Amino acid sequence: MTKKISLTRYLVEQQRVDGHIPGDLRLLLEVVARSCKSISQAVNKGDLGGILGAADTENVQGEMQKQLDIIANEVLIEANEWGGHLAAMASEEMDSIYVVPNRYPQGEYLLMFDPLDGSSNIDVNVSIGTIFSVLKKPEGSPGVSEADFLQPGSQQVAAGYCVYGPQTTLVLTVGDGVVMFSLDREQGSFVLIKENVEIPADTKEFAINMSNMRHWDEPVKRYVDECLAGKEGPRGKDFNMRWVASMVADVHRILTRGGVFLYPWDKREPQKAGKLRLMYEANPMSWLVEQAGGAATNGQQRILDIQPTKLHERVSVILGSKNEVERITSYHGTL
Ligand code: AHG
Ligand code: MN
Ligand code: MN
């Protein structure tokens, strides 16, 4: 029988191997995983737990919140505030940062999350997830403020997501490749299922919300038109299309079998850089994708190099199989 490696054991061993993961970061990751386990439990109950449906409140981005958005946010805050590993948290569902209350010790890490990604899929029983990103509080800055969070994605010290689908799978990077763990509900623990995850450089699968086609910019339109032209077109091969409408599930597919994901800037609201949020959606996903050999850009610039100017900043996202992302970048005239 092959030995099962739990997330706890994996992290302890990583901490031991040339101090790869500092003790406080290990604790942080364990607590995030525990929160995801509890969110997974709530997702699993669905209607039986009375947690489906709208909450009748709006978040800072003017989006209607679902009950589960709020529950997942609370689970993450409550689990993470007392351990002494964090200085502050930020979330899609909170206007401003949440500083660890004075009654608890303050740590040196900053945690950001999209507590529930794919909210439109909650009530229809389709895969959703939690996305998270970890930064270190800049040294020498007294107290903690929003400015401490405004670091480019290249500064992340850990990033990952947990997808609540047919299986609950936690995907993680600390800058040394990508690992995946699935929740063993009988044991109540995450178990290692894949190490050294690699995204194939080429693909025949793309993911984009086609209903926005008329609003796209020329380079994106050109790329998708060429995919749609199939074997007879300039690409000389047929493409397949998938769009789950949960970034977490679309990225999970790409980490599993390759592909390219686009949520580009479009003309619907030209003043917005895109729909997805830089700090707790695009950055963690971009780092995971790069760590698995893929690429991530906004069309002009590597996403991880973008200097954020505000917490809830939006960004255009193109990520996945390397050769495909490079092709789209070249259509933008930036390669
Ligand atoms: P969230 O539920 O956290 O607001 O994020 C939803 C995002 C992302 O997960 C997904 O790729 C995209 O919105 C779907 O957008 P459309 O409904 O426009 O396809
Ligand atoms: Mn999201
Ligand atoms: Mn969300």
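See the structure shown above.
Model, not experiment: these values are computed from the prediction.

Colleague: Help me understand the packing of aromatic side chains in this model?
Modeller: The description of two aromatic rings rests on the distance between their centres and on the angle between their planes. Overall, the coordinates contain 4 aromatic pairs when judged by the stated rule. Of the aromatic side chains, those joined through ring pairs into one cluster are Trp-243, Phe-261 and Tyr-263. Against the face of Tyr-331 rests Arg-222, its NZ or CZ located 3.6 Å from the ring centre.

Colleague: So what exactly am I meant to see when it comes to the nonpolar core here?
Modeller: Of all hydrophobic cores here, the largest spans 40 residues; its most connected members are Leu-111, Phe-132 and Leu-170. Those residues in contact with Phe-132 that lie beyond four places of it in its chain are Leu-29, Val-32, Leu-111, Met-112, Phe-113, Ala-159, Gly-160, Tyr-161, Leu-170, Leu-172 and Pro-284. Membership of the second largest hydrophobic core comes to 29 residues, among which are Val-248, Leu-288, Ala-292 and Ile-303.

Colleague: What's the story with the site of ligand 1 in this structure? I'm lost.
Modeller: As a matter of local geometry, ligand 1 sits amid 18 residues, with Asp-117, Ser-119, Asn-209, Met-247 and Tyr-263 nearest to it. Asp-117 has a polar side-chain atom sitting 2.7 Å from an oxygen atom of ligand 1. Between ligand 1 and Met-247, the relevant distance is 2.8 Å, taken from an oxygen atom to a main-chain nitrogen or oxygen of the residue. Burial of ligand 1 by the protein chains amounts to 87% of its free accessible area of 470 Å². Looking at the shell around ligand 1, the elements with two or more residues in it are β5 (109-117), β13 (260-263) and β14 (276-277). Here the shell around ligand 1 is composed, by residue class, of 7 nonpolar, 4 polar and 7 charged. Split by domain, the residues of the shell around ligand 1 number at least three in each of domain 1 (7-194) and domain 2 (205-331).

Colleague: Would you mind going over the sheet that holds strand β12 (residues 240-241) with me for this structure?
Modeller: Working definition: the strands of a sheet are paired by backbone hydrogen bonds and lie parallel or antiparallel to each other. An order of β12-β11-β13-β17-β15 is seen for the 5 strands of this open sheet, with the pairing classed as mixed. Taken across any chain shown, the strands that pair with only one partner, and hence form the sheet edges, are β12 and β15 (295-297). As paired elements, strand β11 (residues 205-207) and β13 share 2 bridges and run parallel to each other. Bridging across to β13, Ala-207 finds its partner in Phe-261. Sheet contacts for helix α7 (residues 278-291): β15 and β17 (317-320); angle to β17, the most-contacted strand, approximately 25 degrees.

Colleague: It is not clear to me how the side chain of Ser-321 should be interpreted in this structure. Could you clarify?
Modeller: Looking at the element boundaries, Ser-321 is found in the loop between β17 and α8 (322-331). Since its relative accessible area comes to 0%, Ser-321 is described here as buried. Within polar-contact distance, the side chain of Ser-321 engages the backbone oxygen of Pro-200 at 2.8 Å.

Colleague: Whenever I open this one, the coordination of the manganese ion (ligand 2) confuses me. Can you help?
Modeller: Working reference: metal with six octahedral donors, ideal angles 90 or 180 degrees; metal with four tetrahedral donors, ideal angle 109.5 degrees. Within the protein, the manganese ion (ligand 2) binds to Asp-114 (OD), Asp-117 (OD) and Glu-281 (OE); these donor distances fall in the range 1.8 to 2.1 Å. We note that the donor set of the manganese ion (ligand 2) lies within a single chain, spaced as D-x2-D-x163-E. In this structure, the manganese ion (ligand 2) lies 3.7 Å from the manganese ion (ligand 3), and both are coordinated by Asp-114. On the criterion of sequence distance, the pair formed by Asp-117 in strand β5 and Glu-281 in helix α7 is long-range, its members being 164 residues apart. When sorted by exposure, Asp-117 lands in the same class as Glu-281, which is buried.

Definitions and limits used
Residues numbered from 1 in each chain as written. Chains lettered and ligands numbered in written order. Predicted model: local features only at pLDDT ≥ 70, side-chain atom pairs only at ≥ 80, totals over all residues. Heavy atoms only, no water. Phe/Tyr/Trp six-rings, centres within 6.5 Å; stacked < 30°, edge-to-face > 60°. Lys NZ or Arg CZ within 6 Å of the ring centre and 35° of its normal. Core = buried A, V, L, I, M, F, W, Y, C linked by side-chain atoms within 4.5 Å. Buried < 20%, exposed > 50% of the residue type's maximum accessible area, 1.4 Å probe, protein only. Contact = heavy atoms within 4.5 Å. Near = heavy atom within 4 Å. Polar contact = N/O pair within 3.5 Å; in protein donor to acceptor, adjacent residues only side chain to side chain. Areas by Shrake-Rupley, 256 points an atom, 1.4 Å probe, with all protein chains shown as cover. Helix = DSSP H or I, 4+ residues; strand = E, 2+ residues; numbered from the N terminus. Nonpolar A, V, L, I, M, F, W, Y, C, P; charged D, E, K, R; others polar. Domains from an automatic or database assignment. Pairing = 2+ DSSP bridges. Axes fitted to C-alpha atoms, helices over the stretch in contact; angles between N-to-C directions. Donors = N, O, S within 2.8 Å, 3.2 Å for Na, K, Ca; no water.

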